[in-house]
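The lines below spell out each chain.
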Amino acid sequence: MLPILIPFLMAILSIINWGNRVLHRFLALAGSVGLLFAALALLTTVNEQGILSSNIGDWPAPFGIVLVADLPAAIMILMAAIVGLAVLVYATASMDKGRERFGYYPLILLLLMGMCGAFLTGDLFNLYVWFEIMLIASFALLALGGSRAQLEGSVKYFALNLLVSAFMLTGIGLLYGMTGSLNLAALAQTLRAAGPEQPVTTVAIFFMIAFGIKAAMFPLYFWLPASYHTPPVAVSAIFAGLLTKVGVFALIRVFTLLFVQDTAWTHGLLLAGAALTMLSGVLGAMAFDDIRRIFAFHIISQIAYMVLGLALFVPMALAGTIFYMVHHILVIVSLFLVSGLIARAGGSYFKAQLGGLYGTRPLLALLFLVPALSLSGVPPLSGFWAKLTLLRVTLAQELWLVAAIALLVGLLTLFSMVRIWLSAFWGPPGPAAASVTPMRAGERRALYGSTLALVTLTLALSLFAGPAFELAERASEQLLDPAGYIAAVLGEGS
C-alpha cells in the first residue's frame, strides 16, 4: 500500500496548506524519498518471496479490490520513484513561483500515486480509475501556466485521452458481460477456457487501441509531440519518462495475462504497429528544430521497441522489453532535463539559435552525450544491450523486414543526436547566448545534480547490464507463466 499512500498523504497535506510554497517543496521531496524507500523494499520483498497480493477491506478475490505486486510492477514503481525524486529536485531550481503556488507539487504527487496504482491494481475497472487520476493530474500540469501553446497542447492531449477512456470502458463492459468479473486473475482463468463462440479477440482490439493511444503508438500518437514541448521541463520530463510507459505496461499486462488465445492475430497486429511506430517516430524527429519536440518524437520511436518485445512473445523478448523500459526511462528523462540546461546555458531550445556549449559547458556536453548515445544504441551503453536482445529474437524468428527497420531507426536516431550535438555544442556561440543570465550556486547544484544522478544510473545500468537483465528475465517468466499470479490472487488451489 505504501507506494500509493505516501504520495497521496503528502499531496493531501500540501492541499491543506495551499499557497505555502516552501512546505509544498518539503512535502514533495519527503514524499518522493519515502516512495523511493518503499519501492526498494517492495522490489526486494517480491524478488525474495514471490508475488504479493492484498485484498482491500478483507473482501475476497475476485469480488473486492485487489492490489498485486509482481516483479514487473515492482520494477516500474521503483523507476517511478527514481524519476519522481530527480524531477522534483530539478523543479526546486527551475519551476516558477506561479506554478508552485497553484499546485505543481501536489499535482506531481497525485500523478505518481496514479501511476503506482496502475502498476499495482489487480482488476481492470480500477486500472481505468487510476488512468483517470493520472489524466486529471497530467492535464492540470500540462495546462498550468495558461499560455496559448500549453492550452492548445492540453486540448489535444485531453481529447485523445478521452478516446482512451471510451475504448477502455467499452472493452471493460464487453468483458464483464462475457465473464461476470473484472479481476485480472479470474479473467485469466475464464478467458483461457473460453470457447470459439466468445468474441475474445474482438474485445482485445478495444484494449489494444486504448492502451496503444496511451503508449503513443501509430497512428494515434500525434497528441504527444503536440503537447510534451509546451510545459516547463520539470513537467515534460516526468511525462516523457513515465506516462507512455504506463500504456506499455498495461499492454504487456493484458496481452500476456488475458488475451493469449489468438496470438497470431493480436500479437501480429502489435508487431505491425511497432514497425510503423518506429519509422514514423524517428522520421518526425528529423522535421523539427525544437530540441524538446525532437526528443518527443524519439519517445514514440523508442516505445515501438518495447511493443516489439511484447509482439515477439517469447521469454527473451519480454525480458528485453522490461530492460528496455528501465533503460529508456532513465535516458529520456535525462535528455529532457538536459534540454532545460541547454536552454539555460544557450538561451533557447531551438538548434538554430544555439552553439559553442562544448567549450563553455563541458559537463553539460557530457550529460547530453551519454544518454544520447545510449538512446541510439551505441555500445557498450544500456541501449545497445536492450536493442541487441530484441534484434537477436527478431532475427531468430526470421522477421527480416522488422529487423531492418529496427536497425535503420537506430542509425537515424544516432544521426538525429549528432545533429543536435553539432548545432548546440559545436561551432561559435549562438545568437541566443547573449540573453543568458548566470545560475546561482543553489540552482546549479539542483539542476546539474539531479541530471547527473540519472546519467550515473544510466552508466550503472550499462555496467551492470548482466544482473539487471537477469532480473528482467525473472520478471518475464512471471508474465508468461500466469499460474503464480493467479495463485497469489485467488489462492493456491485455484
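Heads up: the structure comes first, above all this text.
Position numbers for residues count from 1 along each chain, tracking the sequence in the order it is written. In keeping with the predicted nature of the model, local features appear solely for residues at pLDDT of at least 70, side-chain atom pairs appear and are counted solely at 80 or more, and the whole-chain, interface and lining totals rest on all residues. Side-chain calculation: all heavy atoms of the structure are included, whereas hydrogens and water are not.

Engineer: Help me get a handle on the overall build of the protein, residues and values and all.
Structural biologist: Under the DSSP-based scheme used, a helix requires at least four consecutive residues in state H or I and a strand at least two consecutive residues in state E, with every element numbered from the N terminus. In terms of regular secondary structure, the protein is built from 21 helices and two strands. Using C-alpha atoms as the atom set, the radius of gyration is obtained and then compared with a globule rule of 2.2 Å times the number of residues to the power 0.38. Relative to its length of 494 residues, the protein is compact, with a C-alpha radius of gyration of 22 Å against a globular reference of 23 Å. Dimensions along the principal axes, computed over C-alpha positions, put the protein at roughly 70 × 55 × 40 Å. Note on classification: 1.4 Å probe, protein chains only; a residue is buried when its accessible area is under 20% of the maximum for its type, exposed when over 50%, partly exposed between these limits. Out of the 494 residues in the protein, the part that is buried amounts to 58%. A fraction of 80% describes how many contacts in the protein between residues 6 or more apart in sequence connect residues 24 or more apart. Method for areas: the Shrake-Rupley scheme with a 1.4 Å probe, in which residue coverage is limited to the protein chains shown. For the protein, the exposed surface amounts to about 18,100 Å²; the carbon and sulfur share of it is 69%. Each charge sign in the protein was given a centre, from 23 positive and 19 negative side chains, and these centres are 19 Å apart. Only heavy atoms matter for contacts: two residues are in contact if any of them lie within 4.5 Å across the pair. None of His or the chain ends enter the tally, which takes Lys and Arg as positive and Asp and Glu as negative. Just so you know, the charge point we use is NZ for Lys, CZ for Arg, CG for Asp and CD for Glu.

Engineer: Would you mind going over the packing of helix H11 (residues 233–257) against helix H14 (residues 315–346) in detail, with residue names and values included?
Structural biologist: Fitted lines through C-alpha atoms serve as axes, helices being fitted only where they are in contact, and the angles separating the N-to-C directions of these axes extend from 0 to 180 degrees. Contact pair H11 / H14: the axes reach a minimum separation of 8 Å and the direction vectors enclose 165 degrees. Classified by the interaxial angle, the pair formed by H11 and H14 is roughly antiparallel. You can see that H11 and H14 cross each other, and the crossing is right-handed. Facing H11, whose interface residues are Val233, Ser236, Ala237, Ala240, Gly241, Leu242, Lys245, Val248, Ile252 and Thr256, H14 presents Leu318, Thr321, Met325, His328, Ile329, Ile332, Val333, Phe336, Leu337, Ser339 and Gly340. Any angle that falls under 35 degrees is termed roughly parallel, while one over 145 is termed roughly antiparallel, one within 65 to 115 roughly perpendicular, and all others oblique. By the definition used in this description, the sense in which the near helix is turned from the far one sets the handedness, with an anticlockwise turn below a right angle giving left-handed and a clockwise turn giving right-handed.

Engineer: Any details on unusual backbone geometry? Residues and values, ideally.
Structural biologist: Only a minority of non-glycine residues have a phi that is not negative, and only a minority of peptide bonds are not trans. The linkage connecting alanine 61 with the following residue, proline 62, adopts the cis geometry, with an omega of 10 degrees. Locating proline 62 in the fold gives a position in the loop between strand E1 (52–55) and strand E2 (66–69). Phi angles above zero are rare outside glycine, and alanine 216 is one such case at about 65 degrees. Assignment of secondary structure puts alanine 216 in the loop between helix H9 (200–214) and helix H10 (223–227). The phi dihedral of glutamate 398 is positive, around 60 degrees, even though this residue is not glycine. The residue glutamate 398 is located in the loop between helix H17 (382–396) and helix H18 (400–424) in this model.

Engineer: Got a sec to walk through the packing of aromatic side chains? Specific residues and values, please.
Structural biologist: Only the six-membered ring of Trp is used, alongside the rings of Phe and Tyr, when aromatic pairs are assigned; centres must lie within 6.5 Å, and planes under 30 degrees apart are stacked while those over 60 apart are edge-to-face, with the rest tilted. Using the criterion set out here, one finds 25 aromatic pairs in the structure. Geometrically, the ring pair formed by tyrosine 305 and tyrosine 324 is stacked, given 5.3 Å between the ring centres and 10 degrees between the ring planes. Taken as a pair, tyrosine 305 in helix H13 (residues 291–312) and tyrosine 324 in helix H14 lie far apart in primary sequence, 19 residues in all. Taking the relative accessible area as the measure of exposure, tyrosine 324 reaches 0% and is therefore buried. Here the aromatic residues Phe131, Phe207, Phe211, Phe255 and Phe259 are joined through ring pairs into a cluster of three or more. A cation sits over an aromatic face here: lysine 214 above phenylalanine 131, 5.4 Å from the ring centre. Definition used: whenever NZ (Lys) or CZ (Arg) falls within 6 Å of the ring centre and also within 35 degrees of the ring normal, the charge is taken to sit over that ring. Above the ring of tyrosine 349, the side-chain terminus of arginine 292 is found at 3.7 Å from the ring centroid.

Engineer: I'd love a proper account of the environment of phenylalanine 297, names of residues and values included.
Structural biologist: Of note, phenylalanine 297 is situated in helix H13. The exposure class assigned to phenylalanine 297 is buried, which follows from its relative accessible area of 8%. In the structure, phenylalanine 297 is positioned 14 residues away from leucine 283 in sequence and 8.2 Å away in space, judged by C-alpha atoms. Discounting chain neighbours no more than four positions away, the residues touching phenylalanine 297 are Tyr221, Pro225, Ser280, Gly281, Gly284, Ala285 and Phe288.

Engineer: Run through the pattern of salt bridges, naming residues and quoting values.
Structural biologist: For this document, the term salt bridge refers to a Lys or Arg side-chain nitrogen within 4 Å of an Asp or Glu carboxyl oxygen. For the coordinates displayed, the defined rule picks out eight salt bridges. With its nearest N and O atoms 2.6 Å apart, the salt bridge here joins aspartate 96 to arginine 99. Its relative accessible area of 15% is what places arginine 99 among the buried residues. The partner of lysine 156 in a salt bridge is glutamate 152, with the nearest N and O atoms 3.3 Å apart. Taken together, the residues lysine 156 and glutamate 152, both in helix H7 (residues 148–179) and four residues apart, mark about one turn of the helix. A network of salt bridges, in which partner residues are shared, links Arg21, Arg25 and Glu100.

Engineer: I'd like a rundown of the nonpolar core, residues and numbers included.
Structural biologist: Residues belong to one nonpolar core when they are buried, are Ala, Val, Leu, Ile, Met, Phe, Trp, Tyr or Cys, and are joined through side-chain atoms within 4.5 Å. Core analysis: the largest hydrophobic core is formed by 185 residues, its most contacted members being Tyr104, Leu124, Phe131, Phe211, Leu258, Phe259 and Phe368. Excluding its chain neighbours within four sequence positions, the residues that come into contact with phenylalanine 259 are Leu175, Leu191, Val200, Val203, Ala204, Phe207, Val254, Thr266 and His267.

Engineer: Tell me what's going on with H7, and back it up with residues and numbers.
Structural biologist: Over its 32 residues, H7 runs 46 Å from end to end, which matches the ideal 46 Å to within 8%, given 1.5 Å per residue. Restricting attention to buried positions, one finds in H7 the residues Gln150, Gly153, Ser154, Tyr157, Leu160, Asn161, Val164, Ser165, Met168, Gly171, Ile172 and Leu175. Along its buried surface, H7 packs onto helix H4 (97–101), helix H6 (124–143), helix H8 (184–192), H9, H10 and H11. Within two residues after H7, glycine 180 carries a phi angle of roughly 75 degrees, on the positive side. A helix is expected to reach a length of 1.5 Å times the quantity of its residues less one.

Engineer: Provide a residue-level description of the side chain of lysine 387, including the pertinent values.
Structural biologist: By the secondary structure assignment, lysine 387 is in helix H17. Among buried charged residues, lysine 387 stands out as having no salt bridge; its nearest opposite-charge side chain is glutamate 473, 20 Å away. Two N or O atoms form a polar contact when they lie within 3.5 Å of each other; inside protein one atom must be a possible hydrogen donor and the other a possible acceptor, and for residues adjacent in sequence the pair counts only when both atoms belong to side chains. A distance of 2.9 Å separates the side chain of lysine 387 from the backbone oxygen of leucine 375, its partner in a polar contact. The contact partners of lysine 387, leaving out residues within four places of it in the chain, are Gln302, Tyr305, Tyr324, Leu375, Ser376, Gly377 and Gly410.

Engineer: Quick rundown of the packing of helix H3 (residues 71–94) against helix H19 (residues 441–463)? Include the residues and the values.
Structural biologist: Contact geometry of H3 with H19 gives a least axis separation of 7 Å together with a crossing angle of 160 degrees. If you check the angle between H3 and H19, you find them roughly antiparallel. Pair H3 / H19 crosses with left-handed handedness. Contacts between H3 and H19 pair Ile82, Ala86, Val89, Tyr90, Thr92, Ala93 and Ser94 from the former with Glu443, Ala446, Leu447, Ser450, Thr451, Leu454 and Leu457 from the latter. Counted by class, the contact of H3 with H19 contains nine nonpolar, four polar and one charged residues. Classification used: nonpolar for Ala, Val, Leu, Ile, Met, Phe, Trp, Tyr, Cys and Pro, charged for Asp, Glu, Lys and Arg, polar for all others including Gly.

Engineer: Run through the side chain of threonine 451, naming residues and quoting values.
Structural biologist: Within the secondary structure layout, threonine 451 lies in helix H19. A polar contact of 2.8 Å, which involves the side chain of threonine 451, links it to the backbone oxygen of leucine 447.

Engineer: Quick rundown of the environment of isoleucine 486? Include the residues and the values.
Structural biologist: Positionally, isoleucine 486 belongs in helix H21 (residues 483–490). Overall, isoleucine 486 belongs to the buried group, its relative accessible area being 9%. Distance in space between the C-alpha atoms of isoleucine 486 and alanine 186 is 7.3 Å, their sequence separation being 300 residues.

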